[in-house]
Amino acid sequence: MQHNDKVPAPREALKMGMNLGSEDSIMRVKGEYIIHLEDCATGKVLDHRELSNIVTLDGGILVAILLASGSGLTRTASQQGLTMLAVGTGATGPLLNPDAPDPRQRKLNNELWRKPFVNTVFRNSTGGAVAYPTNVVDLTAQFGPGEAEGPLNEMGLIRSITLGPTPGTPIAPAPVFPNYDPTVDMSNFDLLANFTQFSVVSKLPNSLLTITWRLTC
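Small disclaimer: the values here were computed from a predicted structure and weren't measured.

Let's talk about the nonpolar core
So, step 1. One finds I35, L85, V87, F143, M155 and I211 to be the most contacted residues of the largest nonpolar core, which totals 22 residues.
So, step 2. Listing elements by their share of this core, those giving two or more residues are strand 3 (30-39), strand 4 (45-55), strand 5 (84-88), strand 9 (136-143), strand 10 (150-159), strand 11 (191-203) and strand 12 (207-216).
So, step 3. Among all residues touching V87, those that are not within four sequence positions of it are L108, E111, L112, W113, F143, A148, L152, E154, M155 and I211.
So, step 4. Counting seven residues, the second largest nonpolar core, distinct from the first, contains I65, I171, L191 and A193.

Side note on the pattern of salt bridges
So, step 1. A full pass over the atoms with the stated rule returns eight salt bridges.
So, step 2. D102 serves as the salt-bridge partner of R104, at 3.0 Å between the closest nitrogen and oxygen.
So, step 3. Accessibility expressed as a relative area gives 18% for D102, which makes it buried.
So, step 4. The salt bridge involving R114 is made with E111; its shortest N-O contact spans 2.6 Å.
So, step 5. Among the charged side chains, a network of salt bridges with common partners joins E111, R114 and D190.

Some thoughts on the sheet that holds strand 5
So, step 1. The strand order 6-5-10-11-4-3-12-9-7-8 describes an open sheet built from ten strands, whose pairing is antiparallel. With partners counted over all chains shown, the strands left at the sheet margins are strand 6 (111-116) and strand 8 (129-130), one partner each.

What about the packing of aromatic side chains?
So, step 1. A full pass over the atoms with the stated rule returns two aromatic pairs.
So, step 2. Judged by centre distance (6.4 Å) and plane angle (50°), the ring pair of Y33 and F198 falls under tilted. With Y33 in strand 3 and F198 in strand 11, this residue pair connects regions lying 165 residues apart in the sequence.
So, step 3. A residue is classified by how much of its surface remains accessible, and Y33, at 2% relative accessible area, is buried.
So, step 4. A residue is classified by how much of its surface remains accessible, and F198, at 4% relative accessible area, is buried.
So, step 5. Members of the aromatic cluster, joined through ring pairs, are Y33, F198 and W213.
So, step 6. K115 extends its terminal NZ or CZ atom over the ring of F143, reaching a point 5.7 Å from the ring centre.

Quick word on the confidence of the model for the chain
So, step 1. On average, residues of the chain score 82 in pLDDT, and 78% of them are at 70 or above.
So, step 2. Across the chain, the secondary-structure element scoring lowest on mean pLDDT is strand 1 (residues 16-20), at 32, and the one scoring highest is strand 9, at 96.
So, step 3. Of the regions scoring below 50 in pLDDT, residues 1-27 engages in 49 contacts with residues more than four places distant in sequence or in other chains.

A closer look at the side chain of R49
So, step 1. Relative to the elements of secondary structure, R49 occurs in strand 4.
So, step 2. Exposure remark for R49: the relative accessible area of 1% places this residue in the buried category.

So, the pairing of strand 3
So, step 1. Here strand 3 shows one buried face, formed by G31, Y33, I35, L37 and D39, and one open face, formed by K30, E32, I34, H36 and E38.
So, step 2. In the sheet, strand 3 pairs with strand 12 via ten bridges, with the strands oriented antiparallel. Bridged to G31 within strand 12 is L215.
So, step 3. Bridge analysis of strand 3 against strand 4 gives eight bridges, and the strand direction is antiparallel. Counterpart to H36 in the pairing with strand 4 is H48.
So, step 4. As consecutive antiparallel partners, strand 3 and strand 4 are separated by five residues, and within that stretch G43 has a phi angle of approximately 80°, a positive value.

Parameters and conventions
- Residues numbered from 1 in each chain as written.
- Predicted model: local features only at pLDDT ≥ 70, side-chain atom pairs only at ≥ 80, totals over all residues.
- Heavy atoms only, no water.
- Core = buried A, V, L, I, M, F, W, Y, C linked by side-chain atoms within 4.5 Å.
- Buried < 20%, exposed > 50% of the residue type's maximum accessible area, 1.4 Å probe, protein only.
- Helix = DSSP H or I, 4+ residues; strand = E, 2+ residues; numbered from the N terminus.
- Contact = heavy atoms within 4.5 Å.
- Salt bridge = Lys/Arg side-chain N within 4 Å of Asp/Glu carboxyl O.
- Pairing = 2+ DSSP bridges.
- Phe/Tyr/Trp six-rings, centres within 6.5 Å; stacked < 30°, edge-to-face > 60°.
- Lys NZ or Arg CZ within 6 Å of the ring centre and 35° of its normal.
- pLDDT = per-residue confidence, 0-100.

Structure (structure tokens):
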């Protein structure tokens, strides 16, 4: 059954302010995503949604890491940008109307699968794809037959320490949501930068799930 969520959740922005005399320099990051599920054999659209998400508090840590990464001669795994899109089945709240995501979230509640991006596209102010970096980027991941099959209802963008379809080095249980400890050294853990929860998307066998996450800075 095709399902369309028309009313997006309230958008949240990541704000990073630096006092520069009488002026403040503020960076805002917004996230939007498109979920598209189709039957591999017939091409029939099984589900299509376009919604917004939140940037987590750890997303601010990732921005700071990237801003500082040029100070070293080599870039380690912990200094990389976003590398994976993860999906899971652990959204909290009612099945058809899960809780609003919280910026303190540091990992998926029940991660099922993760994939690297198959496509990264910069876009201009009119939404057109361009060959140069802009402040708008689309990150796309795909889950084919045999991957991420189940009642999906949560997902996130991750700076991973290791590559692979299963969680690599998620943050230890102690400081995880709802407790947020900003003193944890995230250098050795997967870092969840964007997170969302949504009503169930049923990923069936012989289906292709394409998720495009658009970040606007």
